[in-house]
Amino acid sequence: MTAEYADTASAAYRAALQVVESVEPRIAAATRKELADQRDSLKLIASENYASPAVLLTMGSWLSDKYAEGTIGHRFYAGCQNVDTVESVAAEHARELFGAPYAYVQPHSGIDANLVAYWAILATRVEAPGLAEAGVKHVNNLSEQDWEALRHKLGNQRLLGMSLDAGGHLTHGFRPNISGKMFHQRSYGTDPQTELLDYDKVAATAREFKPLILVAGYSAYPRRINFATMREIADEVGATLMVDMAHFAGLVAGKVFTGDEDPVPHAHVTTTTTHKSLRGPRGGLILAQRQYADAVDKGCPMVLGGPLAHVMAAKAVALAEARQPEFQSYAQRVADNAKALAEGFLKRGARLVTGGTDNHIVLLDVTSFGLTGRQAESALLDAGVVTNRNSIPVDPNGAWYTSGIRFGTPALTSRGFGAGDFDRVAELVVDVLKNTTPEGTSKAKYTLADGTAERVRDASAELLKANPLYPELTL
Ligand code: PLP
């Protein structure tokens, strides 16, 4: 951002906060405080990032006021010409950036994107053939008996996805999410020795289970996936390959993941969030091959509420940013920094799931420090290091207390952190964990040795000061 725009953006925020303050001061105060807190914390949450002021400013407009159910050119409301422009521009950027034949930018979040994608696959592979068999074009024209038979088929399909403790996501067919109630689910894990995806096992499970949908993608797997191999497996068993790249979309956009590691040419349907490594506004996005495009395009009102035009506008701005060469160097730094963080942990004796990383995630097994994930997460927070606890494969402490801490590099890389800074972060984290002692047999309580939190906060403050957040915003 040039100095001219930095001043303009700062003035815009000051004005906006003043206006908010005049109506509800507590909201203006919380917004200001959030900026201060984010500036002052070492944010290592793998799913978070810092969107640019341009992206953030785009969201604060009257585009929010317009109802536009439907899709580009086919709305259930009048006067949607500007929303059509916004949605078209965002979809065009998404298609160009990812090399996809079709893009849908309406999903309000990653979970919503997955739900739209699941329905689109069911509609294309189960509902449409059912209607053709009954000789009708629309569900309303089915007899009650045929409709019941079709509903039975729609509700009895199978989905195969990555297990939660190997790094999969709840929306990949697990019972606490609606996907686990929609589908019969089976999951594939990782090799017990290497903790890496075992493609032969995925193939064997797919042959036996014969899923309609094979889901690839993760929230906490610190490695790349070969999507060409996943597609071969899907093709062999007649499954639709859906890739959820919510976490690593920025590495795809930034051309760090190419060839077999780029899901878009291999998957029938690719879903993502726009706010993690992609560094856009909170939201979701779907890329699809032609065969699924019409069904995805019916996402609203089939699955989603009315599109958030102001957020689609911000997606367009973020996607335009991601098409710039600087984004590619950012994405490369995200991956390089994760390697530096992993090496920093390894050389200090820590154990990492899979022994390292080749994406933006590092998963630290904190049992090597005698701690649960819950204890480690809390002790790190006491010292101003923001992370989240996470299961590790075959986790001895279960999904609540866990045995892992997940680290991600996208946010601090956006602040300008380099490899040397991440080595220092590893040193600080290890300092905290070595000075944390469990209390008795509790999986939650712990004692942090005197002086540790202060020492680590002081050291973090130096790193944060050297890499300021939103330096262009003088607020
Ligand atoms: N898919 C994956 C792989 C994720 O990691 C997440 C969020 O953590 C989601 C989907 C859901 O995204 P959202 O929180 O935007 O609904």
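Residues numbered from 1 in each chain as written. Predicted model: local features only at pLDDT ≥ 70, side-chain atom pairs only at ≥ 80, totals over all residues. Heavy atoms only, no water.

Asker: Any details on the site of the ligand? Residues and values, ideally.
Answerer: Lining the immediate surroundings of the ligand are S109, G110, I111, H169, Y218, S219, D244, A246, H247, T273, H275 and K276. Between an oxygen atom of the ligand and a main-chain N or O atom of I111, the distance comes to 2.9 Å. Its free accessible area being 390 Å², the ligand has 85% of it covered by the protein chains. Its residues assigned to classes, the shell around the ligand shows three nonpolar, seven polar and two charged. (Near = heavy atom within 4 Å. Polar contact = N/O pair within 3.5 Å; in protein donor to acceptor, adjacent residues only side chain to side chain. Areas by Shrake-Rupley, 256 points an atom, 1.4 Å probe, with all protein chains shown as cover. Nonpolar A, V, L, I, M, F, W, Y, C, P; charged D, E, K, R; others polar.)

Asker: Break down the environment of I213 for me, citing the residues and quoting the values.
Answerer: Relative to the assigned elements, I213 resides in strand β7 (residues 213-217). In the structure, I213 is positioned 175 residues away from N388 in sequence and 30 Å away in space, judged by C-alpha atoms. Excluding residues within four positions of it along the chain, I213 makes contact with Y118, I121, R158, L159, L160, F183, A239, T240 and M242. (Helix = DSSP H or I, 4+ residues; strand = E, 2+ residues; numbered from the N terminus. Contact = heavy atoms within 4.5 Å.)

Asker: Break down the domain arrangement of the protein for me, with residues and values.
Answerer: By the assigned domains, the protein splits into domain 1 (63-153 + 223-323) and domain 2 (329-466). Placing a centre on the C-alpha atoms of domain 1 and another on those of domain 2 gives a separation of 34 Å. Taken residue by residue, the interface counts 11 residues in domain 1 and 16 residues in domain 2. Of the roughly 1,100 Å² buried between domain 1 and domain 2, counting both surfaces, carbon and sulfur atoms make up 53%. Our count for the contact surface shared by domain 1 and domain 2 stands at one salt bridge. With a shortest N-O distance of 3.5 Å, R223 and D358 are connected by a salt bridge. Our enumeration of links across domain 1 and domain 2 arrives at seven residue pairs in polar contact (both at pLDDT 80 or more). (Domains from an automatic or database assignment. Buried area = accessible area lost by both parts, 1.4 Å probe. Salt bridge = Lys/Arg side-chain N within 4 Å of Asp/Glu carboxyl O.)

Asker: Go over the UniProt feature "modified residue: N6-(pyridoxal phosphate)lysine" (unreviewed entry) in the protein with me, naming the residues and quoting the values.
Answerer: Residues annotated by UniProt as "modified residue: N6-(pyridoxal phosphate)lysine" (unreviewed entry) correspond here to K276. In this structure K276 touches S47, N49, A246 and H247, once residues within four positions along its chain are discounted. (UniProt positions renumbered as here; feature names shortened; annotations may be inferred.)

Asker: Describe the environment of V55, with residues and values.
Answerer: For V55, the position within the fold is in helix α3 (residues 53-59). Once the C-alpha coordinates of V55 and G280 are considered, the two residues, 225 residues apart in sequence, prove to be 6.6 Å apart. Setting aside residues no more than four positions away along its own chain, V55 makes contact with G280, P281, A314, V317, A318 and E321.

Asker: I'd like to hear about the side chain of E87, residue by residue, with values.
Answerer: The topology assignment puts E87 in helix α4 (residues 81-98). Among the polar contacts made by the side chain of E87, one reaches the side chain of R75 at a distance of 2.8 Å. Not counting chain neighbours up to four residues away, the residues in contact with E87 comprise T71, I72, R75, Y104, V105, Q106 and M312.

Asker: Got a sec to walk through the UniProt feature "binding site: (6S)-5,6,7,8-tetrahydrofolate" (unreviewed entry) in the protein? Specific residues and values, please.
Answerer: When the UniProt feature table is mapped onto this chain numbering, "binding site: (6S)-5,6,7,8-tetrahydrofolate" (unreviewed entry) sits at L164, G168, H169 and L170. Along the chain, H169 turns up in the loop between β5 (158-162) and α7 (178-182). Those residues within four positions of H169 in sequence are excluded, and the remaining contacts are I111, L164, F174 and S219. Within the structure, H169 has its side chain in polar contact with the side chain of T171 (distance 2.8 Å). Structurally, L170 is set in the loop between β5 and α7. The residues touching L170, leaving out its near neighbours within four places in the chain, are L164, P176, N177 and S179.

Asker: Can you explain the nonpolar core? Please cite residues and give values.
Answerer: F98, Y188, L214, M230, M245, F248 and L278 are the most contacted members of the largest nonpolar core, which has 61 residues in total. Residue contributions to this core peak at seven residues, all from α4. Residue contributions to this core reach at least three from each of two domains, namely domain 1 (63-153 + 223-323) and domain 2 (329-466). In terms of nonpolar packing, the next biggest core, distinct from the first, is built from 38 residues, L44, V366, L428 and A453 among them. (Core = buried A, V, L, I, M, F, W, Y, C linked by side-chain atoms within 4.5 Å. Buried < 20%, exposed > 50% of the residue type's maximum accessible area, 1.4 Å probe, protein only.)

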